[in-house]
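The primary structure of each chain is shown beneath.
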Amino acid sequence: MLLNKYKSLLLVVLIAITFSCEEDFLETSPTDSISAADALSSPANINLVLNGLHRMLYSQNGILPGASNARSGEHYYIPVFDAMTGALIHSSRGNGWQRADLQWIAHREATYSTPSQMWFQRYHIIAEVSAIINKVGADGLTVDADMKNILGQSHAYRAWAYYRLISTYAKGYIIGNPSTDPGVPLLTGSVAPYESGPRATVSEVYAQIEADIDGAIAYLSDGATPAANKSHISLSAAYGIKARVALSKGDWATAASAAASARDGYPLMSENLWLSGFNTVSLPEVIWGSNVIDTETVYYRSYFYLMCPTFNGSQNRSNPKLFDKERYAEIPSTDFRRKQALPMAPNTNSAASNGEGGSFATDPNYTNADDFWDAWGGVIDTYGMTTRHNTHPYMHVKFLQKNPGTIDPDDIILMRSSEMYLIEAEAKAMQGDIAGAQAVLQTFGDARDTAYDASAFADQAALMEHIKFQRYVELYGEGFSWHDHIRWDQAIDLTNSGAAEVLYQDGFKQDKPSVNPDWIWKIPQSEIDANPYISESDQN
Amino acid sequence: MKTKFIQTLTLALIAVFQVALAQQVITGSVTDQDGLPLPGATVVIKGTSTATTADFDGNYTIAAKNGDVFIVSFVGFNPIEVTVSSATMNVSLEGSTQLDEVVVTGFGQTEKREALTGSVGTVSSAELTKRNVINPIAAIEGNVTGVQFTSASGQPGSGPGIVIRGVGTLNGSASPLIIVDGATFEGSINSINQDDIESINVLKGASPMIALYGSRAANGVILITTKKGSKDGKIRVNMTSQYSFIDRAVKEYEEVGPGQYYELMWEAYKNSLSTADPAATASATIFDRLGYNPFNVANDQIVGTDGNLNPNAEVIYESLDWLDYLQRNGTRINNSVNVSSGSDKHSVFFSASHTDEDGYVIESSFERTTGRLNADFAPTKWFRLGGGLNMALNKTVGLGGVGSSSIVNPFGWAKNLASIYPVYVVDNNGKIVNDAAGNPQYDYGEGYPEYGIQSRPYSPGRHGIAEAYFNDEDTKTNNYGLRFFAEIDLMEGLTFSVNYANDYQDFINKSYENDIVGDGAPTGRYGETRFRRTVSNAIQKLNYTTSFGDHNIQVLLGHESFDRDYSQNSGLANTQVAAGIYEFANFTVPTSLDGYSSEKNTEGYFGRIGYDFSEKYFLNVGFRRDGSSVFSTDVRWGNFYAVGVSWSIDKESFMDNVDFVDRLKLRASFGEVGNDNLGDFYISQPRYSLTSNAGAPGILWTQLGNNGLTWESVTSFDVAAEFSLFKNKLYGSVEYYKKTSNDLLYNLPIAPSNGLIEKPENVGDIFNAGLEISLNSELVSNKDFSWTLGLQASTLDAEITSLPDPFVNGSKRWEVGRSQYAYFVYHYAGVDSANGDALWYMFEEDADGNSIPVLDDDGNHDTTNDWGDAGKAYTGDVSTPDLIGSIRNSLSYKNLSLDVLLTFASGGKIMDYGYGDMMHTGSYASSYHPDASRAWRNPGDVTDVPRLEVGNTNQVQTMSTRFLTDASYIALRNVNLSYAFDKEIADKLGVDQLSIFVTGENLFINSARQGLDPQFNIAGTPSGNGYSPASTLSLGAKLNF
């Protein structure tokens, strides 16, 4: 058989134009990600990993498979930890954000996002920094100044994340039996077959946290490259984490000294700065915080959306957040922090949960429409809200946007020196160092109250009562109330706070943490389902 | 008339040829066995390209000479050969069975149905003419056994979901491979004009042809073949024009009106109160909870302390029915024209079409323009080349958030918002308040104290309909396709060919969120997503056919490469400058800019041997070796194969005396194919995603990867009998299959404490099995009247046969021995008649992790009033039906024909979340279903609806047996009534054929509950807030000349 020459030629041409599979035809690589091996291959790349974690604290986390945009990072949990104890009071049903949380529904359901995402995202941080720590160790990479910064931050993140978990998903250290109470799975590396582990005891988890935060401080204080900005964990922030951890386990001496170290270099703010809105990490007190820029905005999922009275969202317009009116009454007239709430703001929302909203006729503070609406206009003008915003008696004006009446993003403060003063004071008071506690409080109080006198609190009980008050007034809206209640074994009773029972339902009254297991959040169902070491019977 | 002139000219020319070639004009008629004319039948002179077609009365005229052999053929009839012996040659054809059909089986191969050793279902162009579907895939429903459909969304242009012989994967894609004119097609099927389609063939099971698609064939293969030009030298023009009315196919769930709503919420509120006199408190303040008083009575006088609506209360609010404002009368206009022409050396088909549809819901539309040119040429006897060019320009306008829990979802608003909340702001008299320009104002729900209206408890500050109007969501896709082939006969029986195909899709989505209300407020927000997808397919083949004695052999060898390139970018910006401009230039603050490219390549070598002995015994073997870029180097290649045999029993001599059997064939096939479609082309690679922190670059660990990940494989076995009995009056097939899927790719959930929640693994095996029966009977067949009844039924059975650990997947739990669609939910035990508590059967885990009943002291199944303590258990139900099928009646009387297609499913349960959401225990402003009125009220009440109580989450758990609903349905899928005008009338109009028709799609569905779409999804979990399927009623005309 012979092909004629035309056929042969045509055949060759046809084959030539179509047979073109090259050797690497089946080798492809993505363009929206880099390989795990490359990610941990150099200090520069590992720095990228840390930046990713800094971002994760406030980003919409759709980027992370299984993470929820609506419960991302810390900015959801900061206000929720205050809302759930009635420290930050919702004035109406709003549009539903955090309602199931403050009604004590969400954290008690293992399938709900609030407990699931708190768990998952903190563990994600742990897994990422553990990979860094293990990789640097395994490859014997040079530990120079940059690497010390990396390892310091990595250990600090792991300590911080475990601290968030252990203080939320286990019984409080002080009120429990930490050596036997079940804690959370303790992993210092996620490796195949990814079975995770059993719940370690509370003590074991605290031991890991302490080892990590001490390791972080060792790296960061040993010639490490300084933190690039306040979104990075600096040596001061590491001390601050150490102080929080020590306080919650009742290690008062450590808490006091770490808090003193942490606040060093972060002077207390003046009245003007204090009342400027807590919207930027550039405030001198800020030790650690997320710097949120326009192109990384989280719109209606942001911290300020969830709690700021000026933000232009339906949540904010209909549901200004309130200051506890009982606590408010206790603030001395000489303390400028009285200005963080507006006791006489008119109750303009007819759907306000206390049933007093809508007009001067329902608002006991007003007797005629003109005064009522003039007062409303005054608030709107002063704080830059829109005319669609409602006002409510005792609404807070502590958190104010840089651009009020917009949806522009603002920074999220994660740690500031005032908290450290109060930790130090509490630790000294609990140690029985009355004079020491008074001295710290005097320094702190002088910056807040022109007539401040710490000597009025002469014994431990009086000091603690006062410190609880100070923490409420100073740290309102900053997310400490839930864990404060656990540490102080304090029940919830919102009867005279201004909160409406019809809205708060189960969240209106709760027994104290030592006798009420509902303070311990449910472990996510997905963990119980997939972790061979944890079964239904291990659920909180 | 011009046409007449042409006819005369033709005859004259024929006469000239007659003289020139010493031929004569042969005339005659072509009829069926009953004497009915067969217009369009072809008469070809054997061994030449001379051909003609019978006219409308079945008459033909052709120049031939004595001794010539005519091959007379017509679709659906057995072709016969007759030798010319006189000037009048009347031919009668016998109706064929399906077995004579020529079936496209892929890679350029066609086989007679008789020779098939595997399972192939066909939708012909004749069937397609009865349908009016924008997405041609929809025409498969009811026409091919073993294929399960989920309903298309009502959004104009959308198509249904399709599953062939059960879902054979846990987490990979269950979508079949779609091949259009020989090349992998990844575009939307709605970019293909149904009038361009010659046939749709569905390759099921393990036929040797399916094995040639190797790694992509696990979910079946759908071969779409577009029309080619005719070969008879004539130019034929077909025109179709249709006008359609679009309506909602599945009615909305029932909902209580304002009076009953107030009573029910009063009850729920009262039951939540701990005050001294809850009824009095509830009566006095229920308005404060709901915020709106649509009645002409005072706010504290709406519901009495007896729980009854004030008898004087009349509804005075206007605009309470959101559906009235959301829905409208939809329409579709569809025009299509095609021209075909050709000779024995070339053929050309050209078509153009335009479709413009406005959905039955506001702001939703679809517009499509298509064009296609298919052409084949044979420049020499041994060389052929040609191909096709096509384009489709689609524009879809839609609504945001459809079917999602997003606040913006307008369907969620219409269904879930209680009936006391108006669309527009109303005054104290309930009348719509107009602004200065006389326009009504949307009620944003943030309170109108001047009209006694508080803030709306349901999404204050938002408005489902206003946002639908103010926002703009539009998507344009341009689809372009190229098909090229060249074929060269190297020697007798041996052909080498190359095929090259390219499909492009350019996509632009523009999404504007307004500055007045919603997520885009107050500045306005605009996002754009653009992508281009390029899919290239190159195939080289050698085909060899030979026969010796009774042995016929066909050998195919080939190589295929597939290359999918995708590149996308998307951006988002806010703060608009001017209204109505949807471009980035109009938005001053960019907030994100993102983009990526991806690539998936596969390469395969394949071969097939077909052998038959005197067309009685058939053997087919197919093989393919495939490599995929989805997997790592070491595990990238896989081998796939299939073997099929068939036996035409009717050709055996021992059947000669069995009169009633016309055809009888047995066939069986066995084979293994694969699936690499995991939705992530880089799934085996551990990865960090790109991000940033305050502008500084960052990365985040997102994918665990798994270098050992490899193919899912599917092993299929099927056996079938195909038959035609009683002079073809009864024909059909009975088939059994079993499909086993192994090494299923699955994102194995890992404990979130690992930092990620899933790891891709090859775990798990499942099987699907079923019996498929197709029966067709010509009940009546005479000159004026015929009636054919078709019945198809398929059973579906599935089971997980291997899985490392049971896994809870929503309302299902995966466990060996059960279907992946087996419900594992809370078991509702009814209502405690003493206090109205919802009761739940309690389950606990035994040592093996199985849920077993908790028994009380008397040995009865214990109950609790807290579902959180109850535990979940299997219910014994699955979401998939046991039986699906269709009934088709085709009647014709003289010029009139009527086709009615019913589809049905039997068995299976649906977790009716759409209903469950309307049976809440008391959620302010959420709508109630009328069934809620059966709620428990007083001790001793016996009912299945528990006490309503605001805030008591124990009273309702939607994922429970309480909401499991029978999934059976029967649907009137298609009705086609057409009338073909008599030849005289057509002649007067100067055309060959003219018919008018009325076609209806999705006209009626009967399911267990109004509002329920039983075909919402395979998992049986309708949320009830999607764009409900549409029905279409079309009037149209077809014209041929």
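Our subject is the structure that appears above.
Okay, so let's go over this structure. (Residues numbered from 1 in each chain as written. Chains lettered and ligands numbered in written order. Predicted model: local features only at pLDDT ≥ 70, side-chain atom pairs only at ≥ 80, totals over all residues. Heavy atoms only, no water.)

**Remarks on the overall build of chain B**
Spelled out, the test is: Segments assigned H or I by DSSP are reported as helices when at least four residues long, segments assigned E as strands when at least two residues long, and all are numbered from the N terminus. Here the globule rule reads 2.2 Å times residues to the power 0.38, and the radius of gyration is calculated from C-alpha atoms. Residue exposure (1.4 Å probe, protein chains only): buried if accessible area is under 20% of the type maximum, exposed if over 50%, otherwise partly exposed. In this description, contact between two residues means that some pair of their heavy atoms is separated by no more than 4.5 Å. Surface exposure here means Shrake-Rupley accessible area, sampled with a 1.4 Å probe, where a residue is shielded only by the protein chains that are shown. Charged residues are defined narrowly, with Lys and Arg counted positive, Asp and Glu counted negative, and His plus the chain ends left uncounted. Charge positions are represented by NZ for Lys, CZ for Arg, CG for Asp and CD for Glu.
Each helix and strand counted, chain B has 11 helices and 56 strands in total. At 33 Å, chain B has a C-alpha radius of gyration in line with the 31 Å of a compact globule built from 1041 residues. Dimensions of chain B, computed from C-alpha atoms along their principal axes, come out at roughly 110 × 70 × 65 Å. Across the 1041 residues of chain B, 56% fall into the buried class. Pairs at least 24 apart in sequence give 67% of the contacts found in chain B among residues at least 6 apart. Within the structure as shown, chain B displays about 39500 Å² of accessible surface, and the carbon and sulfur contribution to it stands at 54%. Charge-centre separation for chain B: the mean point of 74 positive side chains lies 9 Å from the mean point of 121 negative side chains.

**Section: the pairing of strand E51 (residues 896-906) of chain B**
All names here are of chain B. Rules: Any two strands with at least two DSSP-identified bridges between them are counted as paired.
In terms of strand pairing, strand E50 (residues 883-893) meets E51 through 11 bridges, oriented antiparallel. In the sheet register, leucine 883 faces E51, and the bridge partner there is serine 906. Bridging between E51 and strand E54 (residues 969-980) involves 10 bridges; their strand directions are antiparallel. Within the sheet, the bridge partner assigned to serine 897 lies in E54 and is serine 978.

**Quick look at the sheet that holds strand E5 (residues 69-73) of chain B**
All names here are of chain B. Selection criterion: In this analysis an axis means a line fitted to C-alpha atoms, helices contributing only their contacting stretch, and an angle means the value between N-to-C directions, from 0 to 180 degrees.
What the four strands build is an open sheet, ordered E3-E2-E5-E6; its pairing is antiparallel. The strands lining the two open edges of the sheet, one partner per strand, are strand E3 (51-53) and strand E6 (80-83). Strand-to-strand, the axes of this sheet are offset by a mean angle of 25°, without reference to chain direction. Alignment of strand E2 (residues 42-45) against E3, held across three bridges, turns out to be antiparallel. Looking across to E3, one finds that valine 43 is bridged to threonine 52.

**Section: the sheet that holds strand E4 (residues 59-64) of chain B**
Backbone-to-backbone hydrogen bonds pair the strands of a sheet. The strands run either parallel or antiparallel. Residue and element names in this part refer to chain B. Read across the sheet, three strands follow the order E4-E1-E7 without closing on themselves; strand pairing throughout is mixed. Lying at the two open borders of the sheet, with one neighbouring strand each, are E4 and strand E7 (91-93). Taking the axes of each pair of neighbouring strands and ignoring which way they run, one obtains an average angle of 35° across the sheet. Note: strand E1 (residues 24-32) against E4, six bridges, orientation antiparallel. From the neighbouring strand, isoleucine 26 faces E4, where its bridge partner is isoleucine 62.

**Observations regarding the nonpolar core**
Rule in force here: By convention a nonpolar core is built from buried Ala, Val, Leu, Ile, Met, Phe, Trp, Tyr and Cys residues, the set being connected through side-chain atoms within 4.5 Å.
Of all hydrophobic cores here, the largest spans 146 residues; its most connected members are Tyr157, Tyr162, Val184 and Trp288 of chain A. It is helix H7 (residues 145-169) of chain A that contributes the most residues to this core, 13 residues altogether. Not counting residues within four places of it along the chain, the set of residues in contact with tryptophan 288 of chain A comprises Leu57, Tyr157, Trp160, Lys230, Ser231, His232, Ile233, Ala237, Ile241, Ile413, Leu414 and Met415 of chain A. Leu326, Val950, Leu1012 and Tyr1027 of chain B belong to the second largest nonpolar core, which has 76 residues in total.

**What about the pattern of salt bridges?**
All names here are of chain A. Worth spelling out the cut-off: By salt bridge we mean one thing: a side-chain nitrogen of Lys or Arg within 4 Å of a carboxyl oxygen of Asp or Glu.
Applying the stated criterion across every chain, the model contains 78 salt bridges over all chains. The salt bridge involving arginine 164 is made with glutamate 74; its shortest N-O contact spans 2.7 Å. Taken together, the residues span a long stretch of sequence, with arginine 164 in helix H7 and glutamate 74 in the loop between helix H3 (43-56) and helix H4 (77-83) at a distance of 90 residues. Its relative accessible area of 10% is what places arginine 164 among the buried residues. Each of Glu285, Asp335, Arg337, Lys398, Arg416, Arg448, Glu474 and Glu478 takes part in salt bridges that share partners, so that together they form one network.

**As for the side chain of glutamine 957 of chain B**
Residue and element names in this part refer to chain B. Which entries qualify depends on this criterion: Polar contact is the term for a pair of N or O atoms within 3.5 Å; when the atoms are in protein, one must be able to donate a hydrogen and the other to accept it, and sequence-neighboring residues count only if both atoms are side-chain atoms.
Mapped onto the elements, glutamine 957 comes out in the loop between helix H10 (913-916) and strand E53 (964-966). Polar side-chain contacts of glutamine 957 include one of 2.8 Å to the backbone nitrogen of methionine 959. Setting aside residues up to four positions removed in sequence, glutamine 957 forms contacts with Tyr826, Trp840, Trp867 and Phe963.

**Looking at the environment of serine 741 of chain B**
All names here are of chain B. Counting through the fold element by element, serine 741 comes out in strand E35 (residues 730-742). If near-sequence neighbours (up to four positions away) are discounted, serine 741 is found in contact with Gly168, Ser713, Val714, Gly764, Asp765 and Ile766. Within polar-contact distance, the side chain of serine 741 engages the backbone oxygen of glycine 168 at 3.0 Å.

**Side note on helix H18 (residues 460-475) of chain A**
Residue and element names in this part refer to chain A. Rule in force here: Here the expected length of a helix is defined as 1.5 Å per residue gap, with one fewer gap than residues.
Relative to the 22 Å expected for 16 residues at 1.5 Å per residue, H18 spans 21 Å between its end C-alpha atoms, a close match to the ideal helical length. When you tally the buried positions in H18, you get 12 out of 16 residues, the bulk of the element. In the segment just after H18, glycine 477 is the residue with positive phi, at about 80°.

**Re the side chain of asparagine 334 of chain B**
Residues and elements named next belong to chain B. In this structure, asparagine 334 sits in strand E18 (residues 330-342). Given a relative accessible area of 6%, asparagine 334 falls into the buried group. Of the polar contacts made by the side chain of asparagine 334, one reaches the side chain of threonine 355; its length is 2.9 Å. In this view, asparagine 334 contacts Asn132, Thr240, Ser241, Gln242, His354 and Thr355; residues no more than four positions away in its chain are not counted.

**Structural notes on the interface of chain A and chain B**
One frequently used descriptor of interface size is the decrease in accessible area upon assembly of the parts. The criterion, for reference: We define buried area as the total accessible area lost by two parts upon association, computed with a 1.4 Å probe and summed across both.
Taken together, the contact between chain A and chain B spans 89 residues of the former and 88 residues of the latter. Around 7400 Å² of area is buried between chain A and chain B when both sides are counted, 61% of it from carbon and sulfur atoms. For the chain A face of the interface with chain B, the top three residues by lost area are Leu26, Thr28 and Tyr194 of chain A, together amounting to 10%. Run the count over chain A and chain B and you get three salt bridges. Between glutamate 27 of chain A and arginine 636 of chain B there is a salt bridge, with the nearest N and O atoms lying 3.0 Å from each other.

**With respect to unusual backbone geometry**
In this model, alanine 192 of chain A is joined to proline 193 of chain A through a cis peptide bond whose omega is 0°. Position of proline 193 of chain A relative to the elements: it lies in the loop between strand E3 (182-185) and strand E4 (199-201). Alanine 521 of chain B connects to proline 522 of chain B through a cis peptide bond whose omega is 0°. Phi at phenylalanine 726 of chain B takes a positive value of approximately 50°, unusual for a residue other than glycine. Among the structural elements, phenylalanine 726 of chain B can be located in the loop between strand E34 (712-725) and E35. Phi is positive for aspartate 743 of chain B, close to 50°, though the residue is something other than glycine. Residue class for aspartate 743 of chain B comes out partly exposed when judged on its relative accessible area of 36%.

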